[in-house]
Structures are given as structure tokens and as C-alpha cells.
Amino acid sequence: MTLVRASVSAFLLALTVIIPENLEPQSSSQNADKIQALQKQLDDMKAQMQNIQAQILDLSSAVGRPPTTVTTTPSGAPQAAVTATAQEEGAAQAAELKVVPKRPVNPATASYQTDSQDQIAAPRMDNAPLDPRYPGYFRLPGTQTLLRIGGYFKTDFIYDLKPPGNVDIFIPSTFPIPTLSSVNNTTVSVRPTRLNLDFLIPVKSTSVRFFIETDMFGTNATTPRLRHAYAQVKNGLLGQTFSNFMDPDSGPDTLDFQGPNSQVSIRNPQLRYSFPIGEESSLSFSVEKASSDVSFTTPQFSALPNNPTPDASIKFRQEFSKGHIQLSGLFRDVAAYLPDGKTGSVFGWGINLTGAQKLFGTDTFVYQAAYGAGMERYVNDTSGLGIDAQPGDPASPHLEAVPITAIYGGYQHYWAKKLRSSAVYGFAQTENTNLESAASYHQSNYGAANIIWNPFGSLNVGTEILYGWLVEQNRASANDTRFLFSAKYNFIKMAEPAKK
């Protein structure tokens, strides 16, 4: 690395010496010939500098450190002499504004590609970007603020062999029972379309990040919905984003917007603080918005949920050269007014083990194993069903937290540089109380397999087959098979690094 940096400095020094010495008064014809020769020499130097810079970026990526970019313009040298590629300019800007993070993102995490691109929105230690070159960021005129405009336009073409319950996203818990097997359904949806704004504002030796993102899953097909709106200073975060109990870096690569039935997936308003432990591990604490998902009815009363205290979460994360592992805990106070007029409250908790691991080349295995009681609100398939807790005894009314198991595994394989596939399986099951309705959710299974192709630019097209199976407490069941074709185009196309 020292040799490479010395080479870059030597080129810049040569540039400052050569140009002044050769620009002496001559005839117009001689000057024109000399300018042409100097321009060719300059172009050759620029090509060599870009080649060296590419080597620096490659070496920096290999060791997991941000690249060092020469930003000094030699006195008297033409501005074109130090014009870099778009990615190099982004790195130079970031370094100049002192927003280069102390702990860059693990290359294994940064290189894991998913259709949802949730990794971009996820908060990071020291506000580190996925790519240390800061591609796509530009300086707002007259300020030191960097802005990146991101997101994508996506259209899903969906065909269900049976009534799906939810026509836009695949949620087994919504399958109608009984099922009309002779009825199919088609849908064309643009609701997964997203737009985000990522602001970085330098403050002394760190940066403040403001991240805002919306999609189209509002109250109807044309209503925007706020996904993220948070601010992070150093490692303190305030606002709405992924729960600290969740791991967006271990989500499987599915074309379906929802993802596995069993995935812990929720965005909460929260206050979070993270701090490093050694070089490759970190610890995070959060206090998050509570929402007791409780719904039951007796002959005399319908449950009215309330939230005595906020939810709390603690997360430990360990990085490895080929991936990461994360263990998080959740603590809740689930409460509701009971038929006797009193408030019932029960302790809810959960443990979530997640991770991602590179296995063979770029192939990646992702997984989750979660278990707890009273955490149904945090799981894809059970969120909104009102089964965080249920009544346990009609003679002496009280709430019981409903236990749940939620696991999934996904494997991503690259057939070629621009052609990949994933296979995913998910399982979720609750342990119903004796007084729950016979039609209450008990278990669901989820399977998905896809192939995704990047033909050119930032266009991605793919097809996916999904299968879901729902079982109620009374053992009544329903299933559906969905075929999905998707086309997605990112709003910005990233420049590729200079070739050697």
C-alpha cells in the first residue's frame, strides 16, 4: 500500500514539473503540436493514475478498510489533470468532509445482494456506507452536505392458483378458509416501488445521517407509506427504522415483497445506541414504540389493548471474514383491558439468532431461529392477528403470552456474474391457549425459489414460484401457489470501478 501511494504522489509531482517547464513562448503551430503532445502524455498519466487507484480500492476492499485517495491539486496544474472517475470523486469528497467511518462495513455484508436492498437503509456503526467510495453521493451546492437519491421502480406480475388473501404480497396467514380451489387470481402491482433520500452532514470528526424512505404500501394502491425516517449521530439513533431485534442483513433474496412468513421484520420508532466491542463486534440497546397486538372477544367484552411501557431490545453482533452472526433479545409489556374491567398485563420476550455466511465463492447462506412468547407482532405472518397474548381463564380473567417459534433458511447461488438464484424455506408456529378461537392461527409454511437476471444497467428481471400452507387451531388448512414475474429498475446506476 505504501508503494502504491508513493507512485500516485510521484505522478502528481511529475505533472507539476512537466507542464510549467514545457509551456514556453513558441509559434502558434509549435504550441499546437506541443499542446497535443502534452495532452497525450496527460491522458496516459491519468489512465495510469486510475489504474493505481483501482488497485488501491481492490486492496482496501480486501482488508476491509476505506481507500486512501489523493485529493491535492498541484499548484499551477490544469484542473483536468486530477479529474477522477465518479467513484473516486465521491471518495475524495467524503475524505475531505471527514465522513470516512472508523469501522467500515464488512465486505461480506456489503457484497450480499438482495432484491429488497434493505441493507442500504439499515443503520451502521459510525454511519458507514456499504461502499467506502460513497458512490452516488453529491454535494448540495453551497453546502458541505452530501446527498444520495436512491430507490427503484418495480412492477410485479402475479398469478395465484387459489384465492391468496393478500393480492400484492404473499402472506399465508391471510389465506381464506375454506378455499375455493377453482378460483385463481391475477394482479399487476407497482406498490413495491421505493424512493429514499440519504443525507450526510459533516460535524467535527463525524457525520450526521438523515435517512428517509417511502414505498407505495399505504392505505390504497396509490398512497405512499413512510418506511424509514431517522437521524443518527455517531452511534446514537432517533427515529423510525428496522427494529434492533431484527437483522436486515440476513434477509433472503426474494422477489416477493413480504419475504418469509417467519421473518422477524418490523420498523419501529425508537431510540438506539450502539458501541463497538473490540475490532469485529458491537452491542446495541434500543427503546422502541410499544403496540400490544391483542384482540379477543367474549360474550360480554372485546379486548382493548394498551401499552404501559415501551419495548426494549439488546443486540450483540460479531463479524467474520465471510459473514456475521447476531443474537438479539426482546422485552415487552403486553397489556389489555379485561372483561372484569381491570387491566391485564403479561411479560413478553423473544430471542432471535440470525446470520449470513459466504460458503462457496459468492454463494451465501442466510438464516434465522427465533423463539419467544408475546412477540407475534414482530413476525411477518402473525403481525396484526391480535395474538401477542390471549385470555387464560374465564373464571379468573388474565392474559397469557402466546409462545411462537419462527425459523427460516435461504441459499443464494450465482450462476454467472449477472445471474443468480435463491431458495428459501420458512416455518412459524404458535402454541395456542385453551381459550383461543378454534379458527386462530396455529402454523404456516413458506417456500420460494427464483432466478434473477441483470441484463444491462440497473435493470433486474426475474421470476419466482412461492408456496404457502396455513393451519388453524382446529386443524382446518389452506394453501396457495403463486407465480411472480418482476421487473425492477434502480433510479441511479452505479459507475463500475476503473479496470486494471
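Our structure is the block above this text.
As the structure is a computational prediction, the values presented were derived from the model and not from experiment.

Caption draft 1: Structural detail: the environment of R103. Its place among the elements puts R103 in the loop between α3 (86–96) and α4 (107–110). For the pair formed by R103 and R124, sequence separation is 21 residues and the distance between their alpha carbons is 9.2 Å. Not counting residues within four places of it along the chain, the set of residues in contact with R103 comprises M125, D126, A128, P276, G278, E279, E280 and S281. Here G278 takes part through its backbone oxygen, which lies 2.8 Å from a polar atom of the side chain of R103. Among the polar contacts made by the side chain of R103, one reaches the main-chain carbonyl oxygen of S281 at a distance of 3.2 Å.

Caption draft 2: Layout of a nonpolar patch on the surface. The grouping of L327, F331, F347, W349, I351, L353 and Y371 at the surface amounts to a nonpolar patch, some 640 Å² of accessible area in total. Looking at the nonpolar patch, the elements with two or more residues in it are β14 (323–337) and β15 (343–358). Counting residues per element, the nonpolar patch draws most heavily on β15, at 4 residues. Along the chain, the position of Y371 falls in strand β16 (residues 364–373).

Caption draft 3: Representation of the side chain of H324 in the model. As for its placement among the helices and strands, H324 is situated in strand β14. Among the polar contacts listed, one links the side chain of H324 to the side chain of D247, at a separation of 2.9 Å. If sequence neighbours within four positions are ignored, H324 has contacts with T109, D247, D249, R317, Q318, E319, G355, A356 and Y367.

Thresholds, definitions, all that
Counting restarts for each chain, with residues numbered from 1 along the sequence as it is written. Totals for whole chains, interfaces and linings use all residues, but because this is a predicted model, local features are given only for residues with pLDDT of at least 70 and pairs of side-chain atoms are given and counted only at 80 or more. Side-chain measures were taken over the full set of non-hydrogen atoms in the model, leaving aside hydrogen atoms and water. A run of DSSP states H or I qualifies as a helix once it reaches four residues; a run of E qualifies as a strand once it reaches two. Both are numbered from the N-terminal end. Contacts are assigned to residue pairs with any non-hydrogen atoms lying within 4.5 Å of each other. Pairing of N or O atoms within 3.5 Å defines a polar contact, subject to two protein rules: one partner must be a possible hydrogen donor and the other a possible acceptor, and residues neighboring in sequence count only if both atoms are side-chain atoms. Like-charged residues are merged into a patch within 9 Å and nonpolar side chains (Val, Leu, Ile, Met, Phe, Trp, Tyr) within 5 Å, provided each residue has over 30% relative accessible area and no salt bridge. In short, Shrake-Rupley with a 1.4 Å probe defines the accessible areas, and a residue's cover is counted only from the protein chains shown. Salt bridges are defined as contacts in which a side-chain nitrogen from Lys or Arg sits within 4 Å of a carboxyl oxygen from Asp or Glu.

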